[in-house]
Amino acid sequence: MNPASDDVTARIAASRFLRACRRERVDATPVWLMRQAGRYMAEYRKLRERYSILEMIKTPELACEVTLQPIQAFDLDAAIIFADILPPLEGMGLSLEFVKGEGPVIHNPVRSAADIDRLRVLPAEDALAFTLRAIELVRGELDARGIPLIGFSGAPFTLASYAIEGGGSKNRVAVKRMMMSEPALWDALMSKLADVAGNYLLAQARAGAHALQLFDSWVGELSPQDYEMRVLPYSRRALEIAGRAGVPLIHFGTNTSGMLPLIKSAGGDVIGVDWRTDIADAWQEIGHDVAVQGNLDPVALFAEWDDLRARTAHVLDRVAGRPGHIFNLGHGILPETPVDNVRRLVDFVHEHSRSLLSRKHA
Ligand code: CP3
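Below is a summary of the structure that appears in this document. (Residues numbered from 1 in each chain as written. Predicted model: local features only at pLDDT ≥ 70, side-chain atom pairs only at ≥ 80, totals over all residues. Heavy atoms only, no water.)

1. Here we look at the layout of surface pockets
To locate leftover empty space, one rolls a probe as large as a water molecule over the atoms.
Phase 1: Taken as a whole, the largest pocket encloses approximately 1400 Å³ of empty space.
Phase 2: In this structure, the largest pocket is lined by 45 residues; those nearest its centre are Arg35, Arg39, Ile53, Asp84 and Phe98.
Phase 3: Elements with a contribution of two residues or more to the lining of the largest pocket: α3 (42-50), α4 (53-58), β2 (96-99), β3 (103-106) and α10 (156-165).
Phase 4: Among the elements that line the lining of the largest pocket, the one with the most residues is α3, at 4 residues.
Phase 5: Residues of the lining of the largest pocket, tallied by class, amount to 26 nonpolar, 10 polar and 9 charged. (1 Å grid on protein atoms, 1.4 Å probe; cavity = no way out; pocket = protein on both sides within 12 Å on 5 of 7 lines; lining within 4 Å. Points joined across faces, edges and corners; volume = space filled by probe spheres on them. Helix = DSSP H or I, 4+ residues; strand = E, 2+ residues; numbered from the N terminus. Nonpolar A, V, L, I, M, F, W, Y, C, P; charged D, E, K, R; others polar.)

Structure representation (C-alpha coordinates):
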(Lines give C-alpha, C1' and ligand atoms only; values in the text may rest on other atoms or scores of the structure.)
Protein backbone atom coordinates (compact mmCIF):
# COMPACT_ATOMS: atom_id res chain seq x y z
CA MET A 1 0.00 0.00 0.00
CA ASN A 2 1.27 3.44 -0.81
CA PRO A 3 0.70 6.37 1.59
CA ALA A 4 -2.04 7.86 -0.59
CA SER A 5 -4.11 4.68 -0.50
CA ASP A 6 -3.48 4.35 3.25
CA ASP A 7 -5.01 7.82 3.59
CA VAL A 8 -8.08 6.80 1.61
CA THR A 9 -8.51 3.63 3.68
CA ALA A 10 -8.31 5.60 6.92
CA ARG A 11 -10.71 8.26 5.70
CA ILE A 12 -13.31 5.73 4.61
CA ALA A 13 -12.91 3.71 7.81
CA ALA A 14 -13.68 6.93 9.71
CA SER A 15 -16.76 7.72 7.59
CA ARG A 16 -20.04 8.27 9.45
CA PHE A 17 -21.56 5.21 7.85
CA LEU A 18 -18.82 2.77 8.89
CA ARG A 19 -18.53 4.38 12.33
CA ALA A 20 -22.25 3.85 12.84
CA CYS A 21 -21.94 0.20 11.71
CA ARG A 22 -19.38 -0.19 14.53
CA ARG A 23 -21.65 1.75 16.95
CA GLU A 24 -19.13 4.55 17.34
CA ARG A 25 -20.07 8.19 17.92
CA VAL A 26 -20.73 10.33 14.84
CA ASP A 27 -21.15 14.06 14.20
CA ALA A 28 -24.43 13.41 12.36
CA THR A 29 -26.52 10.33 11.59
CA PRO A 30 -25.46 8.67 8.33
CA VAL A 31 -28.15 8.16 5.69
CA TRP A 32 -28.51 6.10 2.52
CA LEU A 33 -31.67 4.77 0.84
CA MET A 34 -32.38 1.26 -0.31
CA ARG A 35 -32.76 1.26 -4.12
CA GLN A 36 -31.30 4.76 -4.14
CA ALA A 37 -30.38 4.31 -7.82
CA GLY A 38 -33.62 3.81 -9.70
CA ARG A 39 -36.56 5.06 -11.68
CA TYR A 40 -37.43 8.05 -9.49
CA MET A 41 -34.29 9.71 -10.94
CA ALA A 42 -34.49 11.26 -14.43
CA GLU A 43 -30.82 10.34 -15.03
CA TYR A 44 -31.67 6.68 -14.43
CA ARG A 45 -34.77 6.74 -16.66
CA LYS A 46 -32.69 8.30 -19.42
CA LEU A 47 -30.20 5.41 -19.41
CA ARG A 48 -33.08 2.91 -19.21
CA GLU A 49 -34.41 4.23 -22.54
CA ARG A 50 -31.30 2.74 -24.11
CA TYR A 51 -30.55 -0.32 -22.00
CA SER A 52 -32.47 -3.03 -20.19
CA ILE A 53 -31.89 -3.47 -16.48
CA LEU A 54 -29.87 -6.63 -17.07
CA GLU A 55 -27.70 -4.86 -19.67
CA MET A 56 -27.04 -2.12 -17.14
CA ILE A 57 -26.13 -4.62 -14.45
CA LYS A 58 -23.88 -6.68 -16.73
CA THR A 59 -21.96 -3.75 -18.21
CA PRO A 60 -19.59 -2.64 -15.44
CA GLU A 61 -19.21 0.91 -16.84
CA LEU A 62 -23.00 1.39 -16.85
CA ALA A 63 -23.46 -0.20 -13.42
CA CYS A 64 -20.77 2.16 -12.14
CA GLU A 65 -22.44 5.19 -13.70
CA VAL A 66 -25.84 4.30 -12.20
CA THR A 67 -24.34 3.61 -8.77
CA LEU A 68 -22.89 7.13 -8.78
CA GLN A 69 -26.08 8.93 -9.92
CA PRO A 70 -27.64 9.30 -6.45
CA ILE A 71 -24.22 10.07 -4.93
CA GLN A 72 -23.83 12.99 -7.32
CA ALA A 73 -27.38 14.21 -6.69
CA PHE A 74 -27.62 13.94 -2.89
CA ASP A 75 -25.38 14.16 0.17
CA LEU A 76 -25.60 10.41 0.87
CA ASP A 77 -23.22 8.69 3.29
CA ALA A 78 -22.85 5.43 1.36
CA ALA A 79 -23.23 4.06 -2.15
CA ILE A 80 -24.74 0.67 -2.94
CA ILE A 81 -23.50 -1.19 -5.97
CA PHE A 82 -26.05 -1.20 -8.79
CA ALA A 83 -27.09 -4.81 -9.29
CA ASP A 84 -30.07 -6.95 -8.32
CA ILE A 85 -30.66 -9.94 -6.07
CA LEU A 86 -31.60 -12.17 -9.02
CA PRO A 87 -28.54 -12.47 -11.34
CA PRO A 88 -26.97 -15.07 -8.99
CA LEU A 89 -29.91 -17.34 -9.91
CA GLU A 90 -28.94 -16.97 -13.58
CA GLY A 91 -25.45 -18.13 -12.68
CA MET A 92 -27.03 -21.23 -11.12
CA GLY A 93 -28.75 -22.07 -14.42
CA LEU A 94 -32.13 -20.35 -14.12
CA SER A 95 -33.36 -18.21 -16.97
CA LEU A 96 -34.17 -14.67 -15.77
CA GLU A 97 -36.03 -11.92 -17.54
CA PHE A 98 -37.37 -8.57 -16.32
CA VAL A 99 -40.73 -8.22 -18.04
CA LYS A 100 -42.08 -4.70 -18.42
CA GLY A 101 -44.99 -4.07 -16.09
CA GLU A 102 -44.61 -7.47 -14.48
CA GLY A 103 -41.23 -7.54 -12.78
CA PRO A 104 -38.81 -10.44 -12.73
CA VAL A 105 -39.75 -13.80 -14.30
CA ILE A 106 -37.84 -17.09 -14.03
CA HIS A 107 -38.76 -19.16 -17.09
CA ASN A 108 -37.60 -22.51 -15.67
CA PRO A 109 -38.52 -22.42 -11.98
CA VAL A 110 -37.31 -25.11 -9.59
CA ARG A 111 -39.94 -27.79 -8.97
CA SER A 112 -38.23 -31.18 -8.50
CA ALA A 113 -35.22 -32.92 -7.02
CA ALA A 114 -33.68 -33.08 -10.51
CA ASP A 115 -34.12 -29.30 -10.93
CA ILE A 116 -32.29 -28.72 -7.65
CA ASP A 117 -29.55 -31.20 -8.55
CA ARG A 118 -28.93 -29.30 -11.75
CA LEU A 119 -28.40 -25.96 -10.01
CA ARG A 120 -24.75 -24.96 -10.23
CA VAL A 121 -22.74 -23.41 -7.43
CA LEU A 122 -20.05 -21.52 -9.35
CA PRO A 123 -17.47 -19.15 -7.89
CA ALA A 124 -18.82 -15.58 -7.95
CA GLU A 125 -15.60 -14.62 -9.76
CA ASP A 126 -16.92 -16.61 -12.75
CA ALA A 127 -20.71 -16.21 -12.54
CA LEU A 128 -20.89 -12.60 -11.36
CA ALA A 129 -17.62 -11.10 -12.61
CA PHE A 130 -19.50 -8.09 -14.03
CA THR A 131 -20.64 -6.91 -10.59
CA LEU A 132 -17.20 -7.50 -9.05
CA ARG A 133 -15.66 -5.42 -11.85
CA ALA A 134 -18.31 -2.71 -11.32
CA ILE A 135 -17.31 -2.58 -7.64
CA GLU A 136 -13.68 -1.95 -8.62
CA LEU A 137 -14.74 0.83 -10.99
CA VAL A 138 -16.97 2.48 -8.38
CA ARG A 139 -14.18 2.36 -5.81
CA GLY A 140 -11.97 4.17 -8.30
CA GLU A 141 -14.52 7.01 -8.37
CA LEU A 142 -15.58 7.08 -4.72
CA ASP A 143 -12.26 6.69 -2.94
CA ALA A 144 -11.28 10.29 -3.53
CA ARG A 145 -14.58 11.38 -1.97
CA GLY A 146 -14.20 9.18 1.08
CA ILE A 147 -17.58 7.50 0.50
CA PRO A 148 -17.96 3.81 1.42
CA LEU A 149 -19.57 1.26 -0.91
CA ILE A 150 -22.09 -1.41 0.10
CA GLY A 151 -22.29 -4.79 -1.66
CA PHE A 152 -25.36 -7.02 -1.31
CA SER A 153 -27.03 -10.34 -1.96
CA GLY A 154 -30.48 -11.80 -1.62
CA ALA A 155 -30.85 -14.15 1.36
CA PRO A 156 -31.55 -17.86 0.79
CA PHE A 157 -35.30 -17.64 1.54
CA THR A 158 -35.95 -14.62 -0.69
CA LEU A 159 -33.88 -16.22 -3.49
CA ALA A 160 -35.74 -19.52 -3.02
CA SER A 161 -39.05 -17.64 -3.34
CA TYR A 162 -38.10 -16.40 -6.80
CA ALA A 163 -36.47 -19.70 -7.83
CA ILE A 164 -39.56 -21.72 -6.90
CA GLU A 165 -42.40 -19.27 -7.61
CA GLY A 166 -40.81 -18.17 -10.88
CA GLY A 167 -41.49 -14.51 -10.12
CA GLY A 168 -43.35 -12.31 -7.68
CA SER A 169 -46.10 -14.11 -5.81
CA LYS A 170 -48.94 -13.26 -3.52
CA ASN A 171 -48.76 -15.58 -0.54
CA ARG A 172 -45.65 -17.52 -1.51
CA VAL A 173 -47.56 -20.74 -1.36
CA ALA A 174 -45.21 -22.73 -3.62
CA VAL A 175 -42.07 -21.85 -1.69
CA LYS A 176 -43.72 -22.42 1.70
CA ARG A 177 -45.18 -25.68 0.47
CA MET A 178 -41.77 -27.05 -0.45
CA MET A 179 -40.41 -25.80 2.88
CA MET A 180 -43.18 -27.54 4.82
CA SER A 181 -43.62 -30.76 2.86
CA GLU A 182 -40.29 -31.61 1.21
CA PRO A 183 -37.61 -31.20 3.89
CA ALA A 184 -34.85 -32.99 1.95
CA LEU A 185 -35.42 -30.94 -1.22
CA TRP A 186 -35.67 -27.80 0.85
CA ASP A 187 -32.35 -28.51 2.56
CA ALA A 188 -30.64 -29.25 -0.77
CA LEU A 189 -31.92 -26.02 -2.34
CA MET A 190 -31.33 -23.78 0.68
CA SER A 191 -27.81 -25.18 1.16
CA LYS A 192 -26.88 -24.27 -2.40
CA LEU A 193 -28.44 -20.81 -2.06
CA ALA A 194 -26.62 -20.19 1.23
CA ASP A 195 -23.29 -21.03 -0.41
CA VAL A 196 -23.99 -18.89 -3.46
CA ALA A 197 -25.15 -15.90 -1.38
CA GLY A 198 -22.30 -16.20 1.15
CA ASN A 199 -19.58 -16.56 -1.46
CA TYR A 200 -21.02 -13.76 -3.57
CA LEU A 201 -20.95 -11.42 -0.57
CA LEU A 202 -17.41 -12.45 0.30
CA ALA A 203 -16.27 -11.88 -3.30
CA GLN A 204 -17.84 -8.40 -3.27
CA ALA A 205 -15.87 -7.47 -0.15
CA ARG A 206 -12.70 -8.80 -1.76
CA ALA A 207 -13.46 -6.69 -4.83
CA GLY A 208 -13.69 -3.60 -2.61
CA ALA A 209 -17.11 -3.36 -0.90
CA HIS A 210 -16.79 -1.83 2.60
CA ALA A 211 -19.98 -3.37 4.01
CA LEU A 212 -22.38 -6.09 2.87
CA GLN A 213 -26.17 -6.27 3.10
CA LEU A 214 -28.20 -9.47 3.05
CA PHE A 215 -31.74 -8.75 1.73
CA ASP A 216 -34.37 -11.12 3.08
CA SER A 217 -37.25 -9.05 1.76
CA TRP A 218 -39.96 -11.74 1.89
CA VAL A 219 -39.05 -13.49 5.13
CA GLY A 220 -41.91 -11.78 6.97
CA GLU A 221 -44.24 -14.30 5.26
CA LEU A 222 -43.05 -16.94 7.74
CA SER A 223 -44.06 -17.79 11.28
CA PRO A 224 -41.21 -17.28 13.74
CA GLN A 225 -41.01 -21.05 14.27
CA ASP A 226 -40.66 -21.81 10.57
CA TYR A 227 -38.10 -19.04 10.24
CA GLU A 228 -36.08 -20.44 13.11
CA MET A 229 -36.19 -24.09 12.00
CA ARG A 230 -36.22 -23.90 8.22
CA VAL A 231 -34.59 -20.62 7.20
CA LEU A 232 -32.38 -19.15 9.92
CA PRO A 233 -29.66 -21.86 9.64
CA TYR A 234 -29.13 -21.03 5.96
CA SER A 235 -29.06 -17.26 6.49
CA ARG A 236 -26.58 -17.86 9.29
CA ARG A 237 -24.40 -19.92 6.95
CA ALA A 238 -24.46 -17.20 4.27
CA LEU A 239 -23.55 -14.56 6.87
CA GLU A 240 -20.81 -16.74 8.34
CA ILE A 241 -19.18 -17.10 4.93
CA ALA A 242 -19.55 -13.36 4.27
CA GLY A 243 -18.16 -12.62 7.72
CA ARG A 244 -14.77 -13.99 6.69
CA ALA A 245 -14.26 -10.70 4.87
CA GLY A 246 -14.18 -8.82 8.18
CA VAL A 247 -16.44 -5.99 6.97
CA PRO A 248 -19.73 -4.97 8.66
CA LEU A 249 -22.77 -7.07 7.74
CA ILE A 250 -26.27 -5.59 7.48
CA HIS A 251 -29.12 -8.07 7.85
CA PHE A 252 -32.38 -6.74 6.43
CA GLY A 253 -35.92 -8.07 6.19
CA THR A 254 -39.43 -6.64 6.07
CA ASN A 255 -42.47 -7.56 8.11
CA THR A 256 -40.09 -8.96 10.70
CA SER A 257 -41.51 -7.32 13.82
CA GLY A 258 -42.43 -10.74 15.23
CA MET A 259 -38.97 -12.18 14.72
CA LEU A 260 -36.35 -9.48 15.17
CA PRO A 261 -34.35 -11.34 17.85
CA LEU A 262 -34.25 -14.39 15.55
CA ILE A 263 -33.04 -12.27 12.64
CA LYS A 264 -30.30 -10.95 14.89
CA SER A 265 -29.33 -14.43 16.02
CA ALA A 266 -28.76 -15.44 12.37
CA GLY A 267 -26.05 -12.77 12.26
CA GLY A 268 -25.31 -9.20 11.28
CA ASP A 269 -23.66 -6.16 12.84
CA VAL A 270 -26.57 -3.98 11.74
CA ILE A 271 -30.20 -5.12 11.74
CA GLY A 272 -32.69 -3.57 9.30
CA VAL A 273 -36.02 -2.47 10.77
CA ASP A 274 -39.07 -1.53 8.71
CA TRP A 275 -41.72 1.08 9.62
CA ARG A 276 -44.16 -1.41 11.10
CA THR A 277 -42.25 -1.22 14.40
CA ASP A 278 -41.14 1.79 16.41
CA ILE A 279 -37.38 1.91 15.87
CA ALA A 280 -36.47 2.51 19.53
CA ASP A 281 -38.71 -0.34 20.69
CA ALA A 282 -37.25 -2.59 17.99
CA TRP A 283 -33.70 -1.72 19.04
CA GLN A 284 -34.54 -2.43 22.67
CA GLU A 285 -35.92 -5.81 21.67
CA ILE A 286 -33.01 -6.68 19.38
CA GLY A 287 -30.44 -5.52 21.91
CA HIS A 288 -28.13 -2.54 21.91
CA ASP A 289 -25.09 -4.70 21.12
CA VAL A 290 -25.86 -4.33 17.41
CA ALA A 291 -26.54 -1.30 15.21
CA VAL A 292 -29.91 -0.66 13.50
CA GLN A 293 -30.89 0.68 10.09
CA GLY A 294 -34.24 2.23 9.20
CA ASN A 295 -37.03 2.92 9.36
CA LEU A 296 -39.09 5.57 7.51
CA ASP A 297 -42.06 4.35 5.45
CA PRO A 298 -41.03 4.92 1.77
CA VAL A 299 -44.53 6.32 1.11
CA ALA A 300 -43.76 9.19 3.52
CA LEU A 301 -41.62 10.66 0.73
CA PHE A 302 -44.84 11.46 -1.14
CA ALA A 303 -46.13 13.65 1.69
CA GLU A 304 -45.84 17.43 1.93
CA TRP A 305 -42.40 18.47 3.18
CA ASP A 306 -43.65 19.60 6.62
CA ASP A 307 -45.19 16.23 7.18
CA LEU A 308 -42.18 14.30 5.86
CA ARG A 309 -39.91 16.42 8.04
CA ALA A 310 -41.96 15.63 11.13
CA ARG A 311 -41.89 11.90 10.42
CA THR A 312 -38.14 12.02 9.82
CA ALA A 313 -37.55 13.99 13.01
CA HIS A 314 -39.63 11.45 14.89
CA VAL A 315 -37.39 8.55 13.81
CA LEU A 316 -34.28 10.52 14.77
CA ASP A 317 -35.75 11.75 18.04
CA ARG A 318 -36.53 8.16 19.01
CA VAL A 319 -32.91 6.99 18.59
CA ALA A 320 -30.47 9.79 17.86
CA GLY A 321 -27.94 10.01 20.55
CA ARG A 322 -27.48 6.28 20.73
CA PRO A 323 -24.45 5.40 18.58
CA GLY A 324 -25.24 2.85 15.90
CA HIS A 325 -28.21 4.22 13.97
CA ILE A 326 -28.08 4.37 10.17
CA PHE A 327 -31.03 6.28 8.75
CA ASN A 328 -32.79 4.55 5.85
CA LEU A 329 -36.25 3.75 4.58
CA GLY A 330 -37.93 0.60 5.84
CA HIS A 331 -37.88 -0.77 2.28
CA GLY A 332 -36.79 0.41 -1.18
CA ILE A 333 -37.55 3.88 -2.49
CA LEU A 334 -40.58 3.87 -4.83
CA PRO A 335 -40.40 4.70 -8.56
CA GLU A 336 -42.45 7.95 -8.50
CA THR A 337 -40.84 9.48 -5.42
CA PRO A 338 -40.37 13.27 -5.75
CA VAL A 339 -36.65 14.00 -6.07
CA ASP A 340 -36.89 17.26 -4.12
CA ASN A 341 -38.16 15.40 -1.09
CA VAL A 342 -35.22 12.99 -1.30
CA ARG A 343 -32.76 15.88 -1.29
CA ARG A 344 -34.50 17.60 1.61
CA LEU A 345 -34.76 14.35 3.55
CA VAL A 346 -31.04 13.59 3.27
CA ASP A 347 -30.05 17.11 4.30
CA PHE A 348 -32.55 17.20 7.14
CA VAL A 349 -31.31 13.88 8.58
CA HIS A 350 -27.84 15.41 8.87
CA GLU A 351 -29.02 18.77 10.17
CA HIS A 352 -31.49 17.49 12.75
CA SER A 353 -29.27 14.71 14.05
CA ARG A 354 -26.29 17.05 14.28
CA SER A 355 -28.22 19.35 16.56
CA LEU A 356 -29.54 16.44 18.65
CA LEU A 357 -26.05 14.98 18.99
CA SER A 358 -24.36 18.27 19.80
CA ARG A 359 -26.93 18.94 22.54
CA LYS A 360 -26.33 15.46 23.90
CA HIS A 361 -22.55 15.80 24.00
CA ALA A 362 -22.51 19.46 25.11
O1 CP3 B 1 -30.37 -0.14 -3.75
C2 CP3 B 1 -29.86 0.08 -4.89
O3 CP3 B 1 -29.86 1.20 -5.43
C4 CP3 B 1 -29.16 -1.06 -5.59
C5 CP3 B 1 -29.93 -1.69 -6.57
C6 CP3 B 1 -30.96 -2.74 -6.25
C7 CP3 B 1 -31.89 -3.14 -7.23
N8 CP3 B 1 -32.56 -4.20 -6.75
C9 CP3 B 1 -32.04 -2.52 -8.55
C10 CP3 B 1 -33.30 -2.67 -9.26
C11 CP3 B 1 -31.15 -3.56 -5.13
C12 CP3 B 1 -30.49 -3.52 -3.78
C13 CP3 B 1 -32.17 -4.48 -5.47
C14 CP3 B 1 -32.61 -5.55 -4.57
C15 CP3 B 1 -33.78 -6.35 -4.91
N16 CP3 B 1 -34.21 -6.74 -6.15
C17 CP3 B 1 -34.62 -6.95 -3.96
C18 CP3 B 1 -34.44 -6.86 -2.48
C19 CP3 B 1 -34.83 -5.55 -1.95
C20 CP3 B 1 -36.28 -5.22 -2.04
O21 CP3 B 1 -36.59 -4.19 -2.62
O22 CP3 B 1 -37.05 -6.00 -1.48
C23 CP3 B 1 -35.62 -7.65 -4.65
C24 CP3 B 1 -36.76 -8.41 -4.04
C25 CP3 B 1 -35.35 -7.52 -6.03
C26 CP3 B 1 -36.08 -8.16 -7.15
C27 CP3 B 1 -36.58 -7.16 -8.11
N28 CP3 B 1 -35.78 -6.41 -8.95
C29 CP3 B 1 -37.92 -6.83 -8.37
C30 CP3 B 1 -39.12 -7.42 -7.63
C31 CP3 B 1 -37.91 -5.90 -9.40
C32 CP3 B 1 -39.08 -5.38 -10.17
C33 CP3 B 1 -39.95 -4.51 -9.39
C34 CP3 B 1 -39.71 -3.11 -9.81
O35 CP3 B 1 -39.46 -2.28 -8.95
O36 CP3 B 1 -39.79 -2.88 -11.03
C37 CP3 B 1 -36.56 -5.60 -9.71
C38 CP3 B 1 -36.08 -4.63 -10.70
C39 CP3 B 1 -35.11 -3.59 -10.22
N40 CP3 B 1 -33.99 -3.83 -9.48
C41 CP3 B 1 -35.15 -2.20 -10.51
C42 CP3 B 1 -34.02 -1.62 -9.92
C43 CP3 B 1 -33.59 -0.19 -9.97
C44 CP3 B 1 -36.19 -1.52 -11.38
C45 CP3 B 1 -35.87 -1.94 -12.76
C46 CP3 B 1 -36.21 -0.96 -13.84
O47 CP3 B 1 -35.41 -0.06 -14.12
O48 CP3 B 1 -37.27 -1.15 -14.47
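Next comes the rest of the write-up.
2. Notes on the sheet that holds strand β1 (residues 79-80)
Phase 1: Strand order in the open sheet made by the 7 strands is β1-β4-β5-β6-β7-β8-β9, with parallel pairing throughout. Among the strands making up the open sheet, the edge pair consists of β1 and β9 (325-329).
Phase 2: Looking at chain direction, strand β5 (residues 211-216) and strand β6 (residues 249-253) are connected through 5 bridges and run parallel. Following the sheet pairing, Leu214 is matched in β6 by His251.
Phase 3: Strands in contact with helix α12 (residues 183-207) are β4 (149-154) and β5; relative to β4, the strand with the most contacts, it is inclined by about 170°. (Pairing = 2+ DSSP bridges. Contact = heavy atoms within 4.5 Å. Axes fitted to C-alpha atoms, helices over the stretch in contact; angles between N-to-C directions.)

3. Structural notes on α12
Phase 1: Between its terminal C-alpha atoms α12 stretches 36 Å, which fits the 36 Å expected from 25 residues at 1.5 Å a residue.
Phase 2: Note on α12: the residue one or two positions beyond its end, Gly208, has a positive phi of about 135°. (Expected span 1.5 Å × (residues − 1).)

4. Quick word on a nonpolar patch on the surface
Phase 1: On the surface, Val299, Phe302 and Leu334 cluster together into a nonpolar patch covering about 240 Å² of accessible area.
Phase 2: For Phe302, the position within the fold is in the loop between β8 (291-296) and α16 (305-319).
Phase 3: Note on Phe302: relative accessible area 40%, which makes it partly exposed. (Patch = residues over 30% accessible without salt bridge, like charges linked within 9 Å, V, L, I, M, F, W, Y side chains within 5 Å. Areas by Shrake-Rupley, 256 points an atom, 1.4 Å probe, with all protein chains shown as cover. Salt bridge = Lys/Arg side-chain N within 4 Å of Asp/Glu carboxyl O. Buried < 20%, exposed > 50% of the residue type's maximum accessible area, 1.4 Å probe, protein only.)

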